[in-house]
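Here is what each chain is made of, one letter per residue.
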Amino acid sequence: MIPAPFEYVAAQSTAHALDLLDSLGDEAKLLAGGHSLLPMMKLRLAAPSALIDIGQLAELRGIRADGDELVIGAATPHAVVASSELVRSDAPLLAHSAAQVGDPQIRHRGTIGGSLAHADPAADLPMAVLALGGSVDLLSRNGTRNVVADDFFTGFFETSLDEGELIVAVRVPRRPGQGWGYEKFVRRANDWAIVGAAAVDGRIALANMGPVPLRARAAEQALAEGASPAEAAELAAQDTEPSEDVHADRDYRRHLARVLTRRALEQRG
Amino acid sequence: MRVELTVNGQRRSDDVEPRLLLVHYLREVCGLRAANVGCDTTSCGACTVLMKGADEGGTGKGVGGGGTSVKSCTVLAVQANGQEVTTAEGLAAGDDLHPVQAAFRQEHGLQCGFCTPGMVMATVGLLSENPHPTEAEVREGLEGNFCRCTGYHNIVRAVLAAAEAGAGTEVDA
Amino acid sequence: MSILGTRVLRTEDPRFLTSGGVYTEDVVDERLDGACHVFFVRSPIAHARILDIDVSAALEAPGVVAAFTGADLADLPLIKPGMNKQMARPVLATDKVRYVGEPVAIVVTEQPYQGEDAMELVDVDYEPLPAVVDFATAAQNDVLLYEEAGSNVAGTFGDSSALDEHLFDDCEVVTTRTIQNQRVAPAPMESRAGAAAWGEDGRVTAWIPNQGAQGTRAGLARMLGLGTEKVHVITPDVGGAFGAKFGADPEHVMVAWVARRLDRPARWTETRYENLVAMTHGRAQQQKVTIGGKRDGTVLAYRLEVIQDSGAHVRVGAVLPSLTILMTPGPYEIPQAESVATSVVTNTTPIGAYRGAGRPEASAALERAMDLFAAEIGMDPADVRRRNLLPKFTEPHRTKFGALYDTGDYAAALDKVLEAADYDELRKEQAERRARGDAVAMGIGLASYVEITGMGDGEDVPPQENATVEVHPDGTATILTGTSPHGQGHATAWAMLASEQLGIPVEKITLKWGDTDLVPEGGGTGGSRSLQHGGSAVRKAAQELIEVARERAADELEASPADLRFDVERSAFEVAGDPDASVPLASLAAEERLFVRTIFTAPGATFPFGSHVAVVDVDTETGKVVLRRMITVDDAGFVLNPLLAEGQRHGGIAQGAAQAFVEEVVYDADGNPLTASFADYPFLSATEVPSFELADMQTLTTYNPLGVKGIGEAGSIGATPAVQNAVIDALSHLGVRHVDMPASPQRVWQALKAAKENS
């Protein structure tokens, strides 16, 4: 219920944050909204020696258009993404996804960067950003680099973030007017998805069907070859490795993946 | 380390452990015990308070008027540095209940009272963002607040009554 | 116009809404100044011998005052369950642990935040033993929890070898099924807590959230090996209880023990994890129902065979099957019925009382059986019920199981709820959707129930409660009650009862309870007893007070008492026919205290009843159940305050529905709890339930002047089977005959899949 002791520093800038990451060592972690990290620390599943708070940095917040992409500051809370006129018009799947995370209080604090860095395969935003074909801007002392979502989630709660690197922004393509679908299957309102499916622009991403958010590539392929949503969705569970828990066994998860994929595809209109 | 924030309109300056949760800061350091701890997993919302910073949301404006609802069990006191926090104790003006509090009383929206301060603060937050919610929007808006006693029925009535009374259109101090 | 029966807003609320309730963790009291903080190291293994506990590292941690193990508490007597003394256990585990979450060591710190740090350093060496988790097979005794007992059977009810093999001989149709009434967690919003301080006089004052301070005092005293005069229990505000906060838990005993040992006040608050693994759970019965009758819908015979999971310890849960058995026939006239039960121990959290405590289990089994029978003969479930309900009775009716139902009109309740639900319209809608082949299937579920409330403490002890009412010279009044409200609104309701007699406004009447020095006797709040016993006692005390006051008024007015009239409006006595010759009630307290303590004794338990209709929509592709409507009749006699009564019904309905399709405690095969947080335990939230539709019906009891029965648990008794039956009804046209609770999406989907494969 109470985290193990740690040091805390509020970074004054992203450059300062990088310095701190360097000086405090690899047991230090970044803190934005804290709604992925603090719950883990309270259960003592994580015990960083220091927290570097980047949550208040103006340079990491905000939403803007940059050519054919939307650029969302990593420390932008879900509630802001969900209510942003720009996101709702140009990447509505992302706005919708942000509105599904947890509950209103969680959405006021949790951030898009935090959620992606946490890389929970059952979470909303990793699935959404993957479906959208988005990417993350990473900053380190070596400069910035951009990693596409397909390459960002590398393992169970693992990403390609290097030591001393932080997410500064999330980019998603602007597609005003494009059809999209989103299905999050839960037993109870503020749960994580038992299985989730998001579909947009020929891409289908699944939540909680493996250690990382997954592309339903066989289904995408079928779709590209002219299959109907129902036909394509039959292949949704291919190449997935769903886990078993109190809510669902593997069979049921595979079944849900198929049903939710079909529904998400049909929602695109 | 030192934290400086405003709680219910009063400026405070205190020395705290970095790991001190905001809910415990409010309860033990400020003596404001209305917010309760009801779970370990940011699920139940009994600890809900309103929090507002100088720079909200990256657009320069708060998402809500008087601060947004947050679960104070998942905010460190040090993260609240420079912020304004409002608890249930800070809602009423003297002896007059805030419209949301009055609605909860009128509709019997509380029984044991343990979830109530969090429920009330979540409601204030909800109505500031959606002043006239439908019943479905109320239920979804309170998905992060658990109650075991009321079955939620009268809580929903209280929120709708508060909305009817214009609670969401008030600008909270 | 009487205040009784009106919607009086709660006098409790302004405080709860502004500064918040003062729960045990909130208590500020000089007796607790400088308190240390108590933490419990708990077993991570379901069944093991404790080989060694090393607290040396913990003792070095910052702020650690002390650490104790079971050996240190050897001065405390063993806890010996009345039902099975062989299954005795120490307050703190010594040689063995029997469930994940069982306390094995105590760590005491200066500050609360230091506790978890220190606990991580306690090193316990366990020798794991095989875990008994499946309670259906626990009686095979392959592995024993209590070697001394020689068996995992804690107790039996009825004689399973004496079951009548001819019970169903006359039946044209017989059907049988084994069903689960699954384990659920009471999960009040306030977890358990405690605080204790010893006085110079050798007495301990204990602050404990509980449902009856007097019973808590008795339990605490017994477990501390003290006389009750040495124990003073104070009940702060209680954040919900639902049956799981009766008496005292071992942790409360240990907090008091620590305070004595360290000669320093001690406090404890549990985390939600601890609450979900170490507060008693509810239900956990496996039920074999067999029902038979004629094709015209007449039920001729019913048998219920129960295996009750007691969990690792023999506590209240082990005994609850006696109530299940008592209520076997429910509201029906079944010529032949029998039931038996066996309680077994397993390596899981102990089972205790949970809203309804044994009676919801009886109704759930019976109502499922009625629907199984209805499906077997192809008759509408409402018609089957109506055909078999006991006809209306106004004189007490004794069942073959020994229950004496006071008053009842079960058919009227059924008819009323069917009308309120517009049942025929619902069936029509269902038929249309089936004809269309809707992928979202609609189900309508019924339940008729009767339940026992206000039971009293045992066969020879008639149910009773005490109350003291005092009028003060300043025109206010104080009531002392032996009940123990934790959300039910007694402060308002008892004030209403006193106000009606005394003419003192509700806002000027204060209720006190839960402090054993102030109220040394009382039955607490549970089993839906409070209004019928406690409320009746308040009313009686107020009436008797008027009579005491009348004597004083007579002196005052120099009149004969018989010539005086008490004017409630003015709260004053006046000489009949001469309003100017009057004296205010309050003034009669000026020279001598004006109070009465009385006891109300009831002739017996009362039996509220009702009928519920649940309407669900089931997504046949995913198995997800949406509860669209709940329409209920819950008849508990006279309704004193509709606001409070409705609130109790709502809460009960929500919990009952939650069991049917949302909540369950799950263990893996090794006894590890898999639902030990609010993220994993699917605690009902506002989005899973609709607003409820309550119909009003009041069949008064003759057992108390108010005509009231108990309402607190009724909602949970009807809602569970109504919702379960609705889900199965939704899928019946697809070949599904039964779905165990909770009707989670996976369970429903699996049932559909199996039905499809069988067709």
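How each quantity is defined
Residues numbered from 1 in each chain as written. Chains lettered and ligands numbered in written order. Predicted model: local features only at pLDDT ≥ 70, side-chain atom pairs only at ≥ 80, totals over all residues. Helix = DSSP H or I, 4+ residues; strand = E, 2+ residues; numbered from the N terminus. Rg over C-alpha atoms; globule rule 2.2 N^0.38 Å. Buried ≥ 20, exposed ≤ 12 C-beta atoms within 10 Å, placed from the backbone. Contact = placed C-beta atoms within 7 Å. Domains from an automatic or database assignment. Nonpolar A, V, L, I, M, F, W, Y, C, P; charged D, E, K, R; others polar. Pairing = 2+ DSSP bridges. Axes fitted to C-alpha atoms, helices over the stretch in contact; angles between N-to-C directions. Core = buried A, V, L, I, M, F, W, Y, C linked by C-beta atoms within 7 Å. Right-handed = clockwise from strand over helix to strand, strands pointing away. Parallel < 35°, antiparallel > 145°, perpendicular 65-115°, else oblique. Left-handed = near helix turned anticlockwise from the far one by under 90°. Expected span 1.5 Å × (residues − 1). Arc of directions from axis to C-beta.

**Overview of the overall build of chain B**
Moving on, step 1. When you go through chain B residue by residue, the secondary structure sums to five helices and five strands.
Moving on, step 2. Listed N to C, the secondary structure of chain B is β-β-α-β-β-β-α-α-α-α in terms of helices and strands.
Moving on, step 3. In summary, chain B has a C-alpha radius of gyration of 15 Å against a globular reference of 16 Å for 173 residues, a match within 12%.
Moving on, step 4. Taken along the three principal axes of its C-alpha coordinates, chain B extends 45 × 35 × 30 Å.
Moving on, step 5. Expressed as a percentage of the 173 residues in chain B, the buried residues total 68%.
Moving on, step 6. In chain B, of all internal contacts separated by at least 6 residues, the share reaching a separation of at least 24 is 68%.

**Focus: the overall build of chain A**
Moving on, step 1. The helix and strand tally for chain A stands at 12 helices and 14 strands.
Moving on, step 2. Expected size for 269 residues packed as a compact globule is a radius of gyration near 18 Å; at 18 Å, chain A falls within 12% of this value.
Moving on, step 3. Along the three orthogonal principal directions, the C-alpha set of chain A runs to about 55 × 45 × 30 Å.
Moving on, step 4. Expressed as a percentage of the 269 residues in chain A, the buried residues total 57%.
Moving on, step 5. At a minimum sequence separation of 6, the contacts of chain A that also span at least 24 residues come to 61%.

**Considerations on the environment of Glu556(C)**
Moving on, step 1. Turning to its location among the elements, Glu556(C) is positioned in helix H14 (residues 530-557).
Moving on, step 2. The sequence separation of Glu556(C) and Ala581(C) amounts to 25 residues, and the corresponding C-alpha distance is 9.9 Å.

**So, the environment of Val450(C)**
All names here are of chain C.
Moving on, step 1. Its location among the elements puts Val450 in strand S18 (residues 440-450).
Moving on, step 2. Taking the C-beta count within 10 Å as the criterion, Val450 has 28 such neighbours and is therefore assigned buried.
Moving on, step 3. Remark: the alpha-carbon pair of Val450 and Pro579, spanning 129 residues in sequence, is separated by 50 Å.
Moving on, step 4. Excluding residues that lie within four positions of it along the chain, Val450 makes contacts with Gly330, Pro331, Tyr405, Gly408, Tyr410, Phe607 and Phe609.

**A word on the domain arrangement of chain A**
Moving on, step 1. Per the domain assignment, the segments of chain A are domain 1 (7-53), domain 2 (58-173) and domain 3 (181-267).
Moving on, step 2. With centres defined by C-alpha atoms, the gap from domain 1 of chain A to domain 3 of chain A works out at 33 Å.

**Quick notes on the interface of chain C and chain B**
Moving on, step 1. Contact residues are listed per partner, giving 42 residues for chain C and 43 residues for chain B.
Moving on, step 2. Contributing elements (two or more residues each) for the side of chain C that touches chain B: helix H1 (13-18), helix H6 (272-278) and helix H15 (642-661) of chain C.
Moving on, step 3. Here the element with the most residues in the side of chain C that touches chain B is H15(C); it accounts for six residues.
Moving on, step 4. Class assignment for the residues of the side of chain C that touches chain B results in 20 nonpolar, 16 polar and six charged.

**Some details on the sheet that holds strand S14 (residues 299-311) of chain C**
Residue and element names in this part refer to chain C.
Moving on, step 1. Reading across from one edge, S7-S15-S14-S13-S8 is the order of the five strands in this open sheet, with mixed pairing throughout. The outermost strands of the open sheet, each flanked by one partner alone, are strand S7 (153-157) and strand S8 (173-184). Pairs of neighbouring strands in the sheet enclose a mean axial angle of 10°, with direction left out of account.
Moving on, step 2. Judged from the nine bridges that link them, strand S13 (residues 282-293) and S14 form a sheet pairing that is antiparallel. What sits directly across from Gly293, in S14, is Val299.

**Overview of the nonpolar core**
Generally speaking, soluble globular proteins have nonpolar side chains that are buried together.
Residue and element names in this part refer to chain C.
Moving on, step 1. One finds Val107, Ala498 and Val727 to be the most contacted residues of the largest nonpolar core, which totals 401 residues.
Moving on, step 2. No other element matches helix H16 (residues 714-731), which puts 10 residues into this core.
Moving on, step 3. Not counting residues within four places of it along the chain, the set of residues in contact with Ala498 comprises Val469, Ala477, Ile479, Ile504, Ile509, Val538 and Ala542.

**Quick look at the domain arrangement of chain B**
All names here are of chain B.
Moving on, step 1. Structurally, chain B comprises domain 1 (2-89) and domain 2 (99-169).
Moving on, step 2. Relative to domain 2, the C-alpha centre of domain 1 lies at a distance of 20 Å.
Moving on, step 3. Taken together, the contact between domain 1 and domain 2 spans 19 residues of the former and 14 residues of the latter.
Moving on, step 4. Listed by contribution, the elements that provide at least two residues to the side of domain 1 that touches domain 2 are strand S3 (48-52) and strand S4 (68-71).
Moving on, step 5. It is S3 that provides the largest number of residues to the side of domain 1 that touches domain 2, a total of three residues.
Moving on, step 6. Tallied by class, the residues present in the side of domain 1 that touches domain 2 amount to nine nonpolar, 10 polar and no charged.

**Points about the interface of chain C and chain A**
Quite often, the size of an interface is put as the accessible area lost when its parts meet.
Moving on, step 1. Counting from both sides, the interface comprises 19 residues of chain C and, opposite them, 15 residues of chain A.
Moving on, step 2. Here the side of chain C that touches chain A is built from residues that sort into seven nonpolar, seven polar and five charged.

**Examining the pairing of strand S20 (residues 477-481) of chain C**
Residues and elements named next belong to chain C.
Moving on, step 1. Here S20 lies mainly inside the structure; four of its five residues are buried.
Moving on, step 2. Pairing between strand S19 (residues 464-471) and S20: five bridges, direction antiparallel. Each bridged residue has a counterpart across the sheet, and for Thr468 the counterpart in S20 is Leu480.
Moving on, step 3. The parallel pair S20 and strand S21 (residues 509-512), bridged by helix H13 (residues 490-502), forms a crossover whose chirality is right-handed.

**What about the packing of helix H10 (residues 381-388) of chain C against helix H11 (residues 410-421) of chain C?**
Residue and element names in this part refer to chain C.
Moving on, step 1. Packing of H10 against H11 leaves a shortest axis separation of 9 Å and a crossing angle of 160°. In terms of their interaxial angle, H10 and H11 are classed as roughly antiparallel. The element H10 and its partner H11 pack so that their crossing is left-handed. Together, Ala382, Arg385 and Arg386 of H10 and Ala411, Leu414 and Leu418 of H11 make up the contact between the two elements.
Moving on, step 2. The residue makeup of the contact of H10 with H11, split by class, is four nonpolar, no polar and two charged.

**Some thoughts on H14(C)**
Moving on, step 1. Compared with an ideal rise of 1.5 Å per residue, which puts 28 residues at 40 Å, H14(C) spans 38 Å between its outermost C-alpha atoms and is within 8% of the ideal.
Moving on, step 2. Positive phi shows up at Glu558(C), right after H14(C), with a value of about 50°.

**Description of helix H1 (residues 14-24) of chain A**
All names here are of chain A.
Moving on, step 1. Listed in full, the buried residues belonging to H1 are Ala17, Leu20 and Leu21. Each buried residue of H1 sits inside an arc of 105° when the element is viewed along its axis, so together they form one side. The exposed set on the far side of H1, more than 90 degrees from its buried face, consists of Ala15 and Ser23.
Moving on, step 2. Of the surrounding secondary structure, the elements contacted by the buried residues of H1 are strand S1 (7-10), strand S2 (28-31), strand S3 (50-53) and strand S10 (166-173).
Moving on, step 3. Once H1 ends, the next one or two residues include Gly25, with phi positive near 85°.

**Quick look at the sheet that holds strand S5 (residues 84-86) of chain B**
All names here are of chain B.
Moving on, step 1. Ordered in space as S2-S1-S5-S3-S4, the five strands form an open sheet in which the pairing is mixed. Unpaired on one side and paired on the other, strand S2 (10-15) and S4 mark the two borders of the sheet. Sheet twist, expressed as the mean angle between neighbouring strand axes with direction ignored, is 40°.
Moving on, step 2. The pairing of S3 with S4 spans four bridges and is classified as antiparallel. Across the sheet, Thr48 pairs through a bridge with Lys71, a residue of S4.
Moving on, step 3. Strands S3 and S4 of the sheet are contacted by helix H3 (residues 116-129), whose axis makes an angle of about 40° with S3.

**Some remarks on unusual backbone geometry**
Moving on, step 1. Note that the residue after Met741(C), namely Pro742(C), is joined by a cis bond; omega there is -10°.
Moving on, step 2. Looking at the secondary structure, you find Pro742(C) in the loop between H16 and helix H17 (745-758).
Moving on, step 3. A positive phi is found at Arg44(A), a non-glycine position, where the angle reads about 60°.
Moving on, step 4. Positionally, Arg44(A) belongs in the loop between helix H2 (37-42) and S3.
Moving on, step 5. Judged by the 14 C-beta atoms lying within 10 Å of it, Arg44(A) is partly exposed.
Moving on, step 6. With phi around 50°, Asp263(C) is a residue other than glycine that occupies positive phi space.

**Examining the environment of Ala230(A)**
Residues and elements named next belong to chain A.
Moving on, step 1. On the secondary structure map, Ala230 appears in helix H11 (residues 229-233).
Moving on, step 2. Taking the C-beta count within 10 Å as the criterion, Ala230 has 12 such neighbours and is therefore assigned exposed.
Moving on, step 3. On a C-alpha basis, the gap between Ala230 and Ser115 in space is 31 Å, while along the polypeptide they are 115 residues apart.

**Some thoughts on the packing of H3(B) against helix H5 (residues 153-164) of chain B**
All names here are of chain B.
Moving on, step 1. Orientation of H3 relative to H5, taken along the N-to-C sense of each, is 40°, at an axis distance of 11 Å. In terms of orientation, H3 and H5 fall into the oblique class. Seen from above, H3 lies across H5 with right-handed handedness. Listed contacts from H5 to Met119, Thr123, Leu126 and Leu127 of H3 are Ile155, Val159, Ala162 and Ala163.
Moving on, step 2. For the contact of H3 with H5, the class distribution of residues is seven nonpolar, one polar and no charged.

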